[in-house]
Amino acid sequence: MSSEKLHEIKKEDKKAIKKFIVILILSALAGGVVGYCSVMFKEKVARIISESLLKFLLGLTPIANLILPIAGLFFILYLYQKSRRLYQEWDGEDEEEMAQIELYLAYALWLSSILTIVSFFLFAVGFYNIIYGLDDDILFRVIFITGALIVSIVIITISHQKIVNFLKEINPEKKGSVFEAKFAKTWEKSCDEAEKLSIYKAAYKAYQTVNRTCSILWLMCVLGAMVWDFGLLPVTLVSVIWIVQISSYCKESIRLSSISNKNY
Amino acid sequence: MPLYNRLKEYRANLKINQFELGQLVKVSRQTISQIERGDYSPSVTLALKIAKVFGVTVEEIFHYEEDEIDE
């Protein structure tokens, strides 16, 4: 490497390191202040917040376990029907109209994915309520919550299937059924180069977002351990997710790099 | 890196729509649309396939012009 290039590298580092050190110091100070305040207000504010949150979540179940997925389904159906109507009227060339159809379907898929996770979350909250709540009618709650989860999953899976099948109508080259185990892989294989590029760009953005989220969650778990006696399980889980995310990315990068080296 | 193209013009000459062209070169209608708008630059393989459909060279459909910034 030329000395000019080395000089350029050092110059770039020198420029960025000042800002990096300032951010590091400010973050440490902010962390110290937040930590201090958390400990100081542990008795007063922490108890109120944790009790209110618990009350809110336990109050939601078991009704929300059924109501939320059904409400979500109405939105998904609305978007699906709107897309269908627009597609029937589409002249085969209007790009803006097709973009609108695909946007509605993308939002419907997004909503169905969020609903899946929310359903699982509410299931966990519901069972927590059963174990630690004061309700006597435990059998009814167990049956209701389990039934609500099954109903949610069925509703979400069927709506997912409808949307995917509609996308396959619009794009006949697409392959894969939502009921098959390797649906994501089959779908990806049937995508062309431009669609694959979009998928990969979106995945990288998700990777960056999860990295940032993990760092925030780590901070919350550390504070939670000090203020709300979370214990070490939450921070351990966040760390595991973080390591798995980064390691799977790095491992795949290395594998792809070695493939391209072999071809070259 | 602007890659200009006359894809829409050639497609109109052949009287085929985006979907039909997509089927011929094994990509989606959406990709053809993105190429025509200049939102996506096709790979060399895809550009060659497109040129073959119209019976012309790649340079007759696609051309690249330097930006002032690039210079």
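Residues numbered from 1 in each chain as written. Chains lettered and ligands numbered in written order. Predicted model: local features only at pLDDT ≥ 70, side-chain atom pairs only at ≥ 80, totals over all residues. Heavy atoms only, no water.

As annotated in an unreviewed UniProt entry, chain B is Putative transcriptional regulator from Lachnotalea glycerini.

Visitor: Hey, could you go over the nonpolar core for me, with residue numbers and the actual values?
Guide: Core analysis: the biggest nonpolar cluster contains 21 residues, and Ile101(A), Leu105(A), Ile163(A), Ile170(A) and Trp187(A) have the highest contact counts within it. Non-local contacts of Trp187(A), meaning those with residues more than four positions away in its chain, are made with Val164(A), Leu167(A), Lys168(A), Lys174(A) and Lys175(A). Within the second largest apolar cluster, 18 residues are counted, among which are Leu21(B), Ile35(B), Leu46(B) and Ile50(B). (Core = buried A, V, L, I, M, F, W, Y, C linked by side-chain atoms within 4.5 Å. Buried < 20%, exposed > 50% of the residue type's maximum accessible area, 1.4 Å probe, protein only. Contact = heavy atoms within 4.5 Å.)

Visitor: So, the interface of chain B and chain A: which residues are in play, and what are the values?
Guide: Every contact between the two is made by 17 residues of chain B and, on the other side, 13 residues of chain A. Carbon and sulfur atoms supply 42% of the area buried between chain B and chain A, which totals about 1200 Å² over both sides. One can count three salt bridges joining chain B with chain A. Of the charged contacts, one joins Glu102(A) and Arg29(B) as a salt bridge, the two residues approaching to 3.8 Å between their closest N and O atoms. At the boundary of chain B and chain A, one finds eight residue pairs in polar contact (both at pLDDT 80 or more). Those elements giving two or more residues to the side of chain B that touches chain A turn out to be α2 (18-25) and α3 (29-37) of chain B. (Buried area = accessible area lost by both parts, 1.4 Å probe. Salt bridge = Lys/Arg side-chain N within 4 Å of Asp/Glu carboxyl O. Polar contact = N/O pair within 3.5 Å; in protein donor to acceptor, adjacent residues only side chain to side chain. Helix = DSSP H or I, 4+ residues; strand = E, 2+ residues; numbered from the N terminus.)

Visitor: Give a detailed account of the environment of Thr186(A), specifying residues and quantitative values.
Guide: Residue and element names in this part refer to chain A. By the secondary structure assignment, Thr186 is in helix α6 (residues 183-189). For Thr186, a relative accessible area of 25% corresponds to the partly exposed category. Spatially, the C-alpha atoms of Thr186 and Leu233 are 36 Å apart, while their sequence positions differ by 47 residues. Excluding residues within four positions of it along the chain, Thr186 makes contact with Lys175, Gly176 and Glu180.

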